[in-house]
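Summary of the model geometry
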Amino acid sequence: MKAMLLSQPGVPLVWSELADPRPDEHQVLIRVSACGVCRTDLHLIDGELPDPKLPVVPGHEIVGEVVATGTLVERFKPGDQVGVPWLGWTCGTCGYCKTGRENLCDRARFTGYHIDGGYAELTVADERYCFPLEGHRQAEAAPLLCAGLIGYRAWKLAGDAQRLGIYGFGAAAHIVAQLAVHSGQEVYAFTRKGDTVAQAFARQLGAVWAGDSTSTPPVRLDAALIFAPAGDLIPAALRVVTKGAAVVCAGIHMSDIPSFPYTLLWGERVLRSVANLTRADAAAFLPLANRVPVKTHTVVYPMTHANEALADLRAGRISGAAVLVPPGA
Ligand SMILES: [Zn+2]
Ligand SMILES: [Zn+2]
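Quick notes on the rules
- Sequence order as written defines residue numbering, which begins from 1 separately in each chain.
- Throughout, the order in which chains and ligands are written sets their labels, letters from A for the former and numbers from 1 for the latter.
- Totals for whole chains, interfaces and linings use all residues, but because this is a predicted model, local features are given only for residues with pLDDT of at least 70 and pairs of side-chain atoms are given and counted only at 80 or more.
- Here an axis means a line fitted to C-alpha atoms, over the contact stretch when the element is a helix, while the angle between two N-to-C directions is reported on a 0 to 180 degree scale.
- The way it works is that DSSP assigns letters per residue, a run of H or I at least four long becomes a helix, a run of E at least two long becomes a strand, and they are numbered from the N terminus.
- Should an angle lie under 35 degrees it is considered roughly parallel, over 145 roughly antiparallel, and from 65 to 115 roughly perpendicular; all remaining angles are considered oblique.
- Contact between two residues is assigned when their C-beta atoms, built from the backbone, lie within 7 Å.
- Think of it as three bins: nonpolar holds Ala, Val, Leu, Ile, Met, Phe, Trp, Tyr, Cys and Pro, charged holds Asp, Glu, Lys and Arg, and polar takes everything else, Gly as well.
- Any residue with 12 or fewer other C-beta atoms within 10 Å of its own C-beta is exposed, any with 20 or more is buried, and the rest are partly exposed; the C-beta atoms used are placed from the backbone.
- Here, a nonpolar core denotes buried Ala, Val, Leu, Ile, Met, Phe, Trp, Tyr and Cys residues that are linked to one another through C-beta atoms within 7 Å.
- Two strands pair under a simple rule: DSSP has to find at least two bridges between them.

Moving on, we come to the packing of helix α4 (residues 147-157) against helix α8 (residues 279-291). Between α4 and α8, the least distance of the axes is 10 Å, while the angle of their chain directions is 105 degrees. Regarding the angle of α4 to α8, the classification is roughly perpendicular. Between α4 and α8, the contacting residues are Gly 148, Leu 149, Tyr 152 and Arg 153 on the first element and Asp 281, Ala 282, Phe 285 and Ala 289 on the second. Grouping the constituent residues of the contact of α4 with α8 by class yields 5 nonpolar, 1 polar and 2 charged.

The next subject is the environment of Pro 302. Along the chain, the position of Pro 302 falls in strand β16 (residues 298-302). In this structure, the C-alpha to C-alpha distance between Pro 302 and Val 270, residues 32 residues apart in sequence, is 42 Å. The contacts of Pro 302, once residues within four sequence positions are left out, are Val 325 and Pro 327.

Time to look at helix α7 (residues 233-240). Within α7, 6 of the 8 residues are buried, which leaves the element mostly enclosed by the surrounding structure. Taken residue by residue, α7 has Leu 233, Ile 234, Ala 236, Ala 237, Leu 238 and Val 240 as its buried positions. Those residues of α7 that are buried are in contact with β10 (163-167), β13 (221-226), β14 (241-249) and β15 (270-273).

The next point concerns the nonpolar core. Membership of the largest hydrophobic core comes to 111 residues, with the highest contact counts inside it found for Ile 30, Ile 166, Leu 225, Ile 226 and Ala 237. In terms of residues, this core owes the most to one element, helix α5 (residues 171-182), which gives 8 residues. Excluding residues that lie within four positions of it along the chain, Ile 166 makes contacts with Ala 173, Val 176, Ala 177, Val 187, Ala 189, Phe 190, Leu 225 and Phe 227.

A word on the pairing of strand β4 (residues 62-69). Judged from the 7 bridges that link them, strand β3 (residues 27-36) and β4 form a sheet pairing that is antiparallel. The residue of β4 that forms the bridge with Ile 30 is Val 66. Inspection of the sheet shows β4 paired to strand β5 (residues 81-84) by 4 bridges, in the antiparallel sense. Across the sheet, the residue bridging to Val 63 is Gly 83, located in β5.

Here it is in structure tokens:
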């Protein structure tokens, strides 16, 4: 099979011939039909994530068809449509795993980081961490598997908020905005300075206000989600939220946070991060995405053009989510 391979951080991916992966007893072999491109892939490629498997096939928003199963696989059979997320394996025995917080497991392994991912024609995944995708369409479903899931987890952790700020209006934000509007919240979208395309996109998805990340919205916000990897957004968000509001950082990596006066945090404002996802998040989010229904906006690239898709993501040229499709899929 062929795959886009990262040999070391800092160099472009190369379309490479690799041995077909073989499923172990708990794994399914999947023919990839689409794989989303996530900002985490950029952090991996830029060397901002510690200890990746190298070389590695990136990609953790995988949609495909099961073509073979390991001897102990119970949930899937050949022909099933399946989704593979970022969380690829957890220990099941640590304090985090035993208290419903497998997203924090110290021994967790992540798809497209510690385990070869979906920028490939074929991949294997532990069936216990895969999701059935009946009712979700191929390329459109891919962004649900990370942007959607992490966005959903961040949104839940923001608590009840009538006025929700969203910083960084990319793949996750465009999904969360639909959940928020569906549940009756007002969405305030913050983008890079002068990014009128993203601001128009946000309004089209129901945002009541859209502006630059440094601007002040007309009202105080009850919560804010930060999807962009810029640490200076943290004091910016704290400055525009009400007392008691949560500011939730959803990225795996951020630039340093500038110092800011304690008065910005005072008043029981809460600053927190969101890490990874649990399978329970997926069990709640995927049916909700169907009910809303969430419509993902995708920009589809041939998988061999993954470097171009990553460059477009880095430059902020994508409205919605980039998705790679392998040859012949
Ligand atoms: Zn664990
Ligand atoms: Zn991701």
